Amino acid sequence: MRRSFFDERYKAVVGYIGQLLVWLAGCLLLPLASGLIFHQISRIEIVAFLVPSTVSLAAGLVLWKSLRPTGIVPIGRPEAALVVTIVWALATLLGALPF
């Protein structure tokens, strides 16, 4: 019983990370949309924005859909801090990917 509780909490952590990576993919597309609207972006810059956004979206969907818990699982402060730390690190790496 106790082991399954911890397994569900870790699945919840991974599921939250996946959800936030999907949101990050959307945020990475905002500068691309702005550049396209105002016609101030080149083909190389389009690829530079699409690559990290696609990587973030693909990784986020895989984590979110395949490893989410079966029901509602409350997480505590340590798990929430872990989610925030991992997502900030991944956002930094994915944001720097085109450079």
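Further up the page is the structure itself.
Residues numbered from 1 in each chain as written. Predicted model: local features only at pLDDT ≥ 70, side-chain atom pairs only at ≥ 80, totals over all residues. Heavy atoms only, no water.

**A word on the nonpolar core**
In terms of nonpolar packing, the biggest core is built from eight residues, these being Val 13, Ile 17, Leu 21, Leu 24, Leu 28, Val 83, Val 87 and Leu 94. Of the residues forming this core, the biggest block, five residues, is contributed by helix H1 (residues 2–37). Non-local contacts of Leu 28, meaning those with residues more than four positions away in its chain, are made with Phe 49, Pro 52, Ser 53, Ser 56 and Gly 95. (Core = buried A, V, L, I, M, F, W, Y, C linked by side-chain atoms within 4.5 Å. Buried < 20%, exposed > 50% of the residue type's maximum accessible area, 1.4 Å probe, protein only. Helix = DSSP H or I, 4+ residues; strand = E, 2+ residues; numbered from the N terminus. Contact = heavy atoms within 4.5 Å.)

**Section: the pattern of salt bridges**
For the structure shown, the criterion picks out one salt bridge. A salt bridge links Arg 9 to Glu 79; the shortest N-O distance between them is 2.0 Å. Of the two residues, Arg 9 sits in helix H1 while Glu 79 sits in helix H3 (residues 77–95), which places them 70 residues apart along the sequence. By the burial criterion, Arg 9 is buried, and Glu 79 matches it. (Salt bridge = Lys/Arg side-chain N within 4 Å of Asp/Glu carboxyl O.)

**A word on the environment of Leu 94**
Considering the arrangement of structural elements, one finds Leu 94 in helix H3. By relative accessible area, Leu 94 is classed as buried at 12%. Sequence separation between Leu 94 and Ala 58 is 36 residues, and the spatial gap between their C-alpha atoms is 12 Å. The residues touching Leu 94, leaving out its near neighbours within four places in the chain, are Leu 21, Leu 24, Pro 52, Val 55 and Ser 56.

**Remarks on a nonpolar patch on the surface**
Side chains of Val 47, Val 51, Val 55 and Leu 97 sit close together on the surface and give an oily, nonpolar patch of about 310 Å² of accessible area. Secondary-structure assignment places Val 55 in helix H2 (residues 43–66). According to the relative accessible area criterion, Val 55 is partly exposed, its value standing at 39%. (Patch = residues over 30% accessible without salt bridge, like charges linked within 9 Å, V, L, I, M, F, W, Y side chains within 5 Å. Areas by Shrake-Rupley, 256 points an atom, 1.4 Å probe, with all protein chains shown as cover.)

**Notes on the packing of aromatic side chains**
Throughout the structure, instances matching the rule amount to zero aromatic pairs. For the cation-ring pair, Lys 65 lies above Trp 64, with the distance from its terminal atom to the ring centre recorded as 4.3 Å. (Phe/Tyr/Trp six-rings, centres within 6.5 Å; stacked < 30°, edge-to-face > 60°. Lys NZ or Arg CZ within 6 Å of the ring centre and 35° of its normal.)

**Comments concerning H2**
Here H2 spans 34 Å end to end across 24 residues, near enough to the 34 Å set by a 1.5 Å rise per residue. All of the buried residues in H2 are Pro 52, Ser 53, Ser 56 and Gly 60. (Expected span 1.5 Å × (residues − 1).)

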